[in-house]
Amino acid sequence: MPENLPGPMISIRGVSKWYGTFEVLADCSTAVAKGEVVVVCGPSGSGKSTLIKCVNGLEPFQKGEIVVDGISVGGEKTDLPKLRARVGMVFQHFELFPHMTVMENLTLAQVKVLGRSKDEAVDKGTKLLERVGLAAHRDKFPAQLSGGQQQRVAIARALSMDPVAMLFDEPTSALDPEMINEVLDVMVQLAKDGMTMMVVTHEMGFARKVAHRVIFMDKGQIVEDLPKEDFFGKPRSERAQLFLSKILHH
Amino acid sequence: MGGFDWEVIETSLPYLFKVGMVFTVTLTVLSMAGGIFFGTVLAMMRLSRFRTLAALAGGYVNLMRSIPLVLVIFWFFFLVPYIGAWILHEDRPHPLGPFYSALITFTMFEAAYYCEIMRAGIQSIPRGQVWSGYALGLDYWQTMGHIVLPQAFRNMLPVLLTQTIILFQDTSLVYVISATDFLGAASKVANRDYRLVEMYSFVAVVYFVISFGLSTLVRRLQARIAVVR
């Protein structure tokens, strides 16, 4: 964990969630400090995507508490749109708005949510598109871009809101292999710039390179929550060992 | 009886189109606009997580779709004046005239059908689109207005237009309240001059040409506007 940090940016305490009688999240607790990069991994169906969607209130949870930047996500009086505007999220399937151009995708929420002027929003959008190397594509529609390009636009769109933290939900798992790196490069840069990040991914190379901590989930539980060095080095639970051996030596 | 009398058609053309067709087209276009608006509201209610709203909209749609249109036209024609009087605190029924009565009827009736189309359209939008709208801090109305409805509307445009073509034909039922739509106008000429074969044949041809022409356009449009995902 980076040094000299104040209280956690994201704190998850005893969160449980059920679909009917099926428990998808079982008493999950962890925290992400400001500037920290936490990778969440685990087999499919382990609840990792559900957990990260709970962080900005896209998925409701029945028990426990999640506090983001001092605001309780599940609180009855919480202004969820306002909270979400401060937390960027990137999805597995990009979820760019197909009926809008790249630039419109980047400016919509800036104007409607943050109340920026059109010009300010376009300026910001232009800078971010340059940052992800897509300035030339500003007037294209998402369908005209490759998957990797779309995901980079999605990252730029999330950054356009000046978020205090970024959530990534399997950002590379819908991509063709040759496009994974262009997205990871953007994420690595973001991590190096000090962004607080919670990343659901199986990209262990990314975890080794920039993560501070790795969380391993299975069957709705947080089984491991270790500093990166310990996760990849020291002995750990059998389930995590099995999982790592599967995804590292295939 | 004599042969097919082309002249009666020719001489009544201005009346048929300037009075009858104008009524029909105005009624169709306004009912479509109103129907799509209320239909969209109903669709959002039906998909709402508030059970009462969903049940209300569902009940309304099922009611409208289970009653013959002619009956609804009658019903509104005779009932609306009483409702009007009740709202305006007048002693006597407040007649609206055939046009406004028909407009209200068709808007309310078609809203039920447009509702089901818009509901399918809204449901066709992947959940992730809503999530990404919310994740950016947009609220329900902004997400609906900027992300879900524009896409739903575009996806459903061919079906909405096809429903409108049906509406265009159905407006001819206003003859039961003696409104002078296209069919009503032709019917008046037919009865006055006793030229039923000529007038009703001509009316059929005009309805066919317009409806078939529009259907063809809709099919072309369908091929062009499909949103590439």
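Residues numbered from 1 in each chain as written. Chains lettered and ligands numbered in written order. Predicted model: local features only at pLDDT ≥ 70, side-chain atom pairs only at ≥ 80, totals over all residues. Heavy atoms only, no water.

**Description of the sheet that holds strand E8 (residues 197-200) of chain A**
Residues and elements named next belong to chain A.
- The sheet built from six strands is open, its strands ordered E6-E7-E8-E3-E9-E10 with mixed pairing. Because the sheet does not close on itself, it has two edges, and the strands there are strand E6 (87-90) and strand E10 (221-227). The sheet shows a mean angle of 15 degrees between the axes of neighbouring strands, taken without regard to direction.
- Where E6 lies against strand E7 (residues 165-169), four bridges are found, and the strand directions are parallel. Residue pairing in the sheet places Val-87 in a bridge with Ala-165 of E7.
- Lying on the sheet, helix H5 (residues 147-159) is in contact with E6 and E7; it crosses E6 at an angle near 170 degrees. (Pairing = 2+ DSSP bridges. Helix = DSSP H or I, 4+ residues; strand = E, 2+ residues; numbered from the N terminus. Axes fitted to C-alpha atoms, helices over the stretch in contact; angles between N-to-C directions. Contact = heavy atoms within 4.5 Å.)

**What about the confidence of the model for chain B?**
- Chain-level statistics for chain B give a pLDDT mean of 92 and a share of 97% at 70 or above.
- Listed scores for the predicted complex are pTM 0.89 and ipTM 0.92. (pLDDT = per-residue confidence, 0-100.)

**Observations regarding helix H3 (residues 102-112) of chain A**
- When you tally the buried positions in H3 of chain A, you get eight out of 11 residues, the bulk of the element.
- Here H3 of chain A has its buried residues at Val-102, Met-103, Asn-105, Leu-106, Thr-107, Leu-108, Ala-109 and Gln-110 of chain A.
- Taken together, the buried residues of H3 of chain A touch helix H4 (118-131) and H5 of chain A together with helix H6 (140-170) of chain B. (Buried < 20%, exposed > 50% of the residue type's maximum accessible area, 1.4 Å probe, protein only.)

**What to know about helix H4 (residues 97-123) of chain B**
- Helix length check: H4 of chain B (27 residues) gives 39 Å between terminal C-alpha atoms against 39 Å at 1.5 Å per residue, within 8%.
- In the structure, H4 of chain B departs most strongly from a straight axis at Ala-111 of chain B, where the bend amounts to approximately 30 degrees. (Expected span 1.5 Å × (residues − 1). Bend = angle between axes of the 7 residues up to and from the residue.)

**Some remarks on the environment of Asp-119 of chain A**
Residues and elements named next belong to chain A.
- Considering the arrangement of structural elements, one finds Asp-119 in helix H4.
- Take Asp-119: its relative accessible area is 60%, and that puts it in the exposed class.
- Asp-119 sits 12 residues away from Thr-107 along the chain, and the two C-alpha atoms are 9.4 Å apart.

**Description of the packing of aromatic side chains**
- Tallied over the entire structure, the rule returns 16 aromatic pairs over all chains.
- Plain terms: the ring middles of Phe-17 of chain B and Phe-182 of chain B are 5.3 Å apart, the flat faces sit at 55 degrees to each other, and that makes the pair tilted. Of the two residues, Phe-17 of chain B is situated in helix H1 (residues 6-46) and Phe-182 of chain B in helix H7 (residues 182-193); the sequence distance between them amounts to 165 residues.
- A residue is classified by how much of its surface remains accessible, and Phe-17 of chain B, at 32% relative accessible area, is partly exposed.
- Exposure remark for Phe-182 of chain B: the relative accessible area of 0% places this residue in the buried category.
- Ring geometry for Phe-17 of chain B and Phe-202 of chain B: centres 6.5 Å apart, planes at 75 degrees, overall edge-to-face. Placement of the pair is Phe-17 of chain B in helix H1 and Phe-202 of chain B in helix H8 (residues 196-225), with a sequence separation of 185 residues.
- For Phe-202 of chain B, a relative accessible area of 18% puts it in the buried group.
- A connected cluster of aromatic rings, assembled from ring pairs, spans Phe-17, Phe-168, Phe-182, Phe-202 and Tyr-207 of chain B.
- Directly above the ring of Phe-97 of chain A sits Arg-157 of chain A, whose terminal nitrogen or CZ lies 4.4 Å from the centroid. (Phe/Tyr/Trp six-rings, centres within 6.5 Å; stacked < 30°, edge-to-face > 60°. Lys NZ or Arg CZ within 6 Å of the ring centre and 35° of its normal.)

**Quick look at the pattern of salt bridges**
All names here are of chain A.
- Across all of its chains, the model carries 18 salt bridges over all chains by this definition.
- Of the charged contacts in the structure, one is a salt bridge between Glu-59 and Lys-17, with a shortest N-O distance of 3.4 Å. In this pair, Glu-59 is assigned in the loop between helix H1 (48-55) and strand E4 (63-68) and Lys-17 in strand E1 (residues 10-19), connecting sequence segments 42 residues apart.
- The buried category is assigned to Glu-59, whose relative accessible area is 8%.
- Between Lys-48 and Glu-170 there is a salt bridge whose closest N-O contact spans 3.7 Å. Taken as a pair, Lys-48 in helix H1 and Glu-170 in the loop between E7 and helix H6 (177-192) lie far apart in primary sequence, 122 residues in all. Comparing Lys-48 with Glu-170, the two get one shared label, buried.
- A single salt-bridge network, built from bridges that share partners, covers Glu-36, Arg-213 and Asp-225. (Salt bridge = Lys/Arg side-chain N within 4 Å of Asp/Glu carboxyl O.)

**Considerations on the interface of chain B and chain A**
- Taken together, the contacts link 20 residues of chain B with 23 residues of chain A.
- Of the roughly 1,900 Å² buried between chain B and chain A, counting both surfaces, carbon and sulfur atoms make up 67%.
- For chain B, the biggest contributors to the area lost against chain A are Trp-131, Ala-135 and Leu-136 of chain B; these three give 33% of the whole.
- Taken together, chain B and chain A are joined by zero salt bridges.
- Those elements that provide at least two residues to the side of chain B that touches chain A are helix H5 (127-135) and H6 of chain B.
- In terms of residue class, the side of chain B that touches chain A is built from nine nonpolar, eight polar and three charged. (Buried area = accessible area lost by both parts, 1.4 Å probe. Nonpolar A, V, L, I, M, F, W, Y, C, P; charged D, E, K, R; others polar.)

**Let's talk about the sheet that holds strand E5 (residues 71-72) of chain A**
Residues and elements named next belong to chain A.
- Strand order in the open sheet made by the four strands is E2-E1-E4-E5, with antiparallel pairing throughout. Because the sheet does not close on itself, it has two edges, and the strands there are strand E2 (22-32) and E5.
- With five bridges joining them, E1 and E4 adopt antiparallel strand pairing. Paired with Ile-10 across the two strands is Val-68, which belongs to E4.
- Contacts from H1 reach E1, E2 and E4, with the element oriented near 120 degrees to E1.

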